[in-house]
Amino acid sequence: MALNSEPTSVDLLQDSTPVIDYSLLTIGTADDRSKVVHDLGKACQDWGCFMLVNHGIPETLIHEMMNASNEFFNMTKEEKVEFAALGVLDPIRCSTGFNPVNKYKDSLWREYLRLIVHPEFHSMELVKGVSESLGFEASYMYEELNLDSGFQLLAINYYPSLAEFDTPRGLMPHTDHGLLTLLYENGVPGLEVLLNGKWVSMSDVPNANGKYKSKLHRTVVKDERKRITLVNPNGPSLDTIVGPSSRLVDGENNLPGYLPMKYSEYLELQTKLTMAGKHAFDKVRLHI
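Bear in mind the structure is a predicted one, so any value in this text is a computation, not a measurement. (Residues numbered from 1 in each chain as written. Predicted model: local features only at pLDDT ≥ 70, side-chain atom pairs only at ≥ 80, totals over all residues. Heavy atoms only, no water.)

Tallying secondary structure elements over the chain gives nine helices and 14 strands in all. For the chain, the residues scored as buried account for 44% of the 288 residues in total. Counting only carbon and sulfur atoms, one obtains 54% of the accessible surface of the chain, whose full area is about 15,400 Å². (Helix = DSSP H or I, 4+ residues; strand = E, 2+ residues; numbered from the N terminus. Buried < 20%, exposed > 50% of the residue type's maximum accessible area, 1.4 Å probe, protein only. Areas by Shrake-Rupley, 256 points an atom, 1.4 Å probe, with all protein chains shown as cover.)

Below, the structure written as structure tokens:
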């Protein structure tokens, strides 16, 4: 779907938002694991996202990161200039993100700090569960994507309150790069996911973060409080060639739908096209 499509409504589906209990992947029984793997696969296929509970990340650590993030965004422009954004693969980037597409540029806005972090993958059980839900062995995706040297970011987003900015703030519709994106918010709503042609507001779940398509989503903040999110995209190493799994295509009945591409090249392409209001998948999709 093009980035400029306009579904007409926002639904609140608090009772149906998928919730995955991470502890059942790590310390649950075999039956517990089997059920959560099934639920994980269904969430990935139907929603493209889910709430993650019992993940083991200490609340004190999350609060400390939120406090440090708030301190950073309270710095002056002059103090932030040394972190100004240049290239997409710069180790530290700070900018007042904007939406250059005409229909969004006057209403949606946020400030961000992005850091390339040490490539140590802490979501292995999730990757195992997703791999198993596709019918692969647990280690298949981890090994195929070379996640031992994967590429990770920490993206910290700041959306000002209505007192600071008198129009909605946020991000235009987009998809994330990589394999999994983990997100934690400070309790201020704003994340919306496109589901069956309608924007669905992701409900808040305590102690949750946030053949499977990357889900189109956006951020629209209409609140008297400022919103801060900690976003951790996880992907393969920059040199990994990403494409359809050879186990899912056969050259006859199940043809590949996308061109293989080096992950670093996809990152550059996605950034360039998103800034132009286009979808990177349209450039790598094979028309068969």
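The phi torsion at Asn54 lies on the positive side, around 55 degrees, for a residue other than glycine. Along the chain, Asn54 falls in the loop between strand 3 (51–53) and helix 3 (59–73). Owing to a relative accessible area of 40%, Asn54 belongs among the partly exposed residues under this scheme. For Asn196, which is not a glycine, the phi torsion comes out positive at approximately 55 degrees.

Take the environment of Ile20 next. Assignment of secondary structure puts Ile20 in strand 2 (residues 19–21). Here the alpha-carbon distance between Ile20 and Leu40, two residues 20 residues apart in the chain, equals 6.7 Å. Ile20 has contacts with Val36, Asp39, Leu40, Phe50, Met51, Leu52 and Val53, leaving out every residue within four places of it along the chain. (Contact = heavy atoms within 4.5 Å.)

Read across the sheet, five strands follow the order 4-5-6-12-8 without closing on themselves; strand pairing throughout is antiparallel. The sheet is open, and its two borders are formed by strand 4 (92–95) and strand 8 (180–185), each paired with just one other strand. Taking each pair of neighbouring strands and ignoring which way they run, the sheet shows an average axis angle of 15 degrees. Along the sheet, helix 3 makes contact with strand 4, strand 5 (111–116), strand 6 (151–159), strand 8 and strand 12 (227–235), crossing strand 12 at roughly 110 degrees. (Pairing = 2+ DSSP bridges. Axes fitted to C-alpha atoms, helices over the stretch in contact; angles between N-to-C directions.)

When you line up the elements, Glu192 lands in strand 9 (residues 191–195). Reaching out from Glu192, the side chain makes a polar contact with the side chain of Arg218 at a distance of 2.7 Å. (Polar contact = N/O pair within 3.5 Å; in protein donor to acceptor, adjacent residues only side chain to side chain.)

A full pass over the atoms with the stated rule returns ten salt bridges. Residue Asp46 is joined to Lys42 by a salt bridge in which the shortest nitrogen-to-oxygen separation is 2.8 Å. Remark: Lys42 and Asp46 occur in helix 2 (residues 30–46); sequence separation between them is four residues, near one turn of the helix. By relative accessible area, Asp46 is classed as partly exposed at 34%. One salt bridge in this structure joins Lys128 and Glu125, with 3.3 Å as the shortest N-O distance. (Salt bridge = Lys/Arg side-chain N within 4 Å of Asp/Glu carboxyl O.)

Looking now at helix 2. Helix length check: helix 2 (17 residues) gives 24 Å between terminal C-alpha atoms against 24 Å at 1.5 Å per residue, within 8%. Inspection of helix 2 places Arg33, Val36, Val37, Leu40, Gly41, Ala43 and Cys44 among the buried residues, and these make up the whole buried set. The arc enclosing the buried residues of helix 2, seen along the axis, measures out at 160 degrees, which places them on a common side. Helix 2 presents Asp31, Ser34, Lys35, His38 and Gln45 as exposed residues on the side facing more than 90 degrees away from its buried surface. If you follow the buried residues of helix 2, they end up packed against strand 2, helix 1 (23–26) and helix 6 (124–133). Just downstream of helix 2, Gly48 is the residue with a positive phi angle, here 80 degrees. (Expected span 1.5 Å × (residues − 1). Arc of directions from axis to C-beta.)

The quantities given are spatial measurements derived from coordinates; they are silent on function.
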